[in-house]
Amino acid sequence: MLLSFRLAFRNIISSGLRTWLTIITLSLAFVMILFFNSLYMGWEYQGIKDQVNWEFAEGQLIHADYDKMDPFTIESGHGQYSENAHLTPVLIRQANIYPDGRMLPILLKGIASEQDVVKLPTKVLSNSKVPIPVIIGQGMAQDNHLKKGDEILMRWKDKNGTFDAQNVTIVDIFETTVPTVDANQVWIGLEKLNQLTGFHQQATYLLADKEYKHQNIEGWEYESKQELLQPFYDLIEMKKGGSSFLYGILMLIALIAIFDSQVFSVFKRQKEIGTYIALGFTKKRVTFLFTLEGTMYAFIATIVGSAVAIPLIMWLNKVGIPMTSNLEQSRKMGITIDEFIYPLLTPELFFKTIILVVLLSAVISYLPVRKISKMNTVDALKGKK
């Protein structure tokens with residue numbers, strides 16, 4: 001076995017420039033596979049962490065009549081809930097605010113001021129001395145030219161469908177990477193919202209903490225954080241599929257080069273094949289030797305590629321990759337993304353990529369050399385095709 005590895009290595013190195021062109025192309029494909037996958041893994045890790053911390057908590061108990069994708073269900077999509085130390089209620093109402101005389105439709109979200117299940121800075125609501133304190137996200141503030149301390153007229157409907165209006169005061173502006181808790185949303189203490197609307201012990205959904213153990217409750221549907229995060233997982237998979245086209249082309253070019261080298265070996269090295277057999281090599285062993293030669297390209301390419309990819313990704317994991325060019329547009333589309341993405345290369349991803357590259361190279365290398373098992377030894381020694 002060791003002899004086969006030595007022979008295979010010697011044979012591909014003796015090919016000179018052609019060998020190194022193939023290795024460089026294959027190693028470049030290997031680096032790009034690692035880079036893009038680690039980039040999306042880093043984005044996925046950050047996105048999951050931020051969405052859990054800011055919006056989903058450990059899961060949500062959602063009222064059966066409320067559909068996130070249907071704004072018409074907001075009016076009726078709420079119900080009575082029972083007190084539970086591990087559930088934090090959130091009540092959603094439709095409202096309008098009038099900054100600088102403009103009308104802006106918003107979602108008015110009431111949440112317990114003393115909650116700590118999500119990172120929303122709601123404690124400032126209970127500490128404020130103004131009549132109706134509210135908080136908004138930085139994106140909401142920038143889009144509508146709002147700032148901390150602004151008083152804005154807000155209009156809403158109470159439980160009887162009667163419109164009411166009062167000034168609210170922005171007591172804090174929080175910064176988040178999760179646009180679904182920011183865009184066109186105003187957060188208010190649930191206690192204050194109950195006073196304004198006349199609703200009591202009502203919620204649209206309940207946020208679960210880590211200690212919550214779900215039990216079926218009539219009129220409420222539980223969604224775990226994995227289910228809530230599924231659209232984000234699907235987005236990441238779609239992005240991965242798009243980027244795979246680029247490194248797939250490089251991989252294809254490298255594999256074609258390996259295939260071409262193997263075809264050339266079978267037709268141009270027949271005397272060498274006959275000599276191996278005459279020296280006692282079985283045809284299976286010769287086939288293995290030539291397959292190993294093609295696979296050796298992948299071994300060397302992964303070594304070269306790792307020497308480039310690992311330091312590069314480790315450096316990018318510290319400094320991050322700026323996403324400022326697409327940040328605003330992505331957040332307007334409701335996509336959770338930070339100003340910097342920090343690529344994450346895990347051992348599992350690294351070894352899976354190595355196995356993929358080596359296996360593809362081995363299969364492509366074996367296909368042309370199958371003919372060796374059908375060769376006549378005497379003809380091979382004479383160099384006949």
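Keep in mind it's a predicted model, so treat the numbers as computed, not measured.

What counts and what doesn't
- Residues numbered from 1 in each chain as written.
- Predicted model: local features only at pLDDT ≥ 70, side-chain atom pairs only at ≥ 80, totals over all residues.
- Heavy atoms only, no water.
- Helix = DSSP H or I, 4+ residues; strand = E, 2+ residues; numbered from the N terminus.
- Polar contact = N/O pair within 3.5 Å; in protein donor to acceptor, adjacent residues only side chain to side chain.
- Contact = heavy atoms within 4.5 Å.
- Core = buried A, V, L, I, M, F, W, Y, C linked by side-chain atoms within 4.5 Å.
- Buried < 20%, exposed > 50% of the residue type's maximum accessible area, 1.4 Å probe, protein only.
- Axes fitted to C-alpha atoms, helices over the stretch in contact; angles between N-to-C directions.
- Parallel < 35°, antiparallel > 145°, perpendicular 65-115°, else oblique.
- Left-handed = near helix turned anticlockwise from the far one by under 90°.
- Nonpolar A, V, L, I, M, F, W, Y, C, P; charged D, E, K, R; others polar.
- UniProt positions renumbered as here; feature names shortened; annotations may be inferred.

Let us look at the side chain of Asp 150. Looking at where Asp 150 falls in the secondary structure, it is placed in the loop between helix H4 (138–144) and strand S6 (151–157). At 2.9 Å, the side chain of Asp 150 forms a polar contact with the backbone nitrogen of Lys 147. Excluding anything up to four places from it in sequence, Asp 150 contacts His 145, Val 168, Thr 169 and Ile 170.

So, about the nonpolar core. Within the largest apolar cluster, 40 residues are counted, with the highest numbers of intra-cluster contacts made by Leu 26 and Trp 43. Put simply, the parts of the chain that give this core at least two residues each are helix H2 (17–56), helix H7 (230–268), helix H9 (283–319) and helix H11 (347–369). Examining the composition of this core, we find that twelve residues originate from one element, H2, more than from any other. In contact with Leu 26, other than residues within four places in its own chain, are Met 251, Ala 254, Ile 258, Tyr 297, Ala 298, Ala 301, Val 357 and Ser 361.

This brings us to the packing of H2 against H9. Following both chains from N to C, one finds H2 and H9 inclined at 40 degrees, their axes separated by 8 Å at the closest point. By the angle class used here, H2 and H9 are oblique. H9 is crossed by H2, and the crossing has right-handed handedness. Across the interface between the two elements, Thr 19, Trp 20, Thr 22, Ile 23, Leu 26, Ser 27, Phe 30, Val 31, Leu 34, Phe 35 and Ser 38 of H2 pack against Tyr 297, Ala 298, Ile 300, Ala 301, Thr 302, Val 304, Gly 305, Ser 306, Val 308, Ala 309, Ile 313 and Leu 316 of H9. Broken down by class, the residue content of the contact of H2 with H9 amounts to 16 nonpolar, seven polar and no charged.

Per the UniProt annotation, the sites labelled "transmembrane region" (unreviewed entry) are residues 20–43, 245–267, 288–316 and 349–369. A helix fraction of 100% and a strand fraction of 0% characterise residues 288–316, whose end C-alpha atoms lie 40 Å from each other.

It is worth spelling out the environment of His 200 at this point. The topology assignment puts His 200 in the loop between helix H5 (190–197) and strand S9 (202–203). Residue classification places His 200 among the exposed positions, given a relative accessible area of 52%. Apart from the residues lying within four places of it in its own chain, the contact partners of His 200 are Gln 80 and Asn 194.

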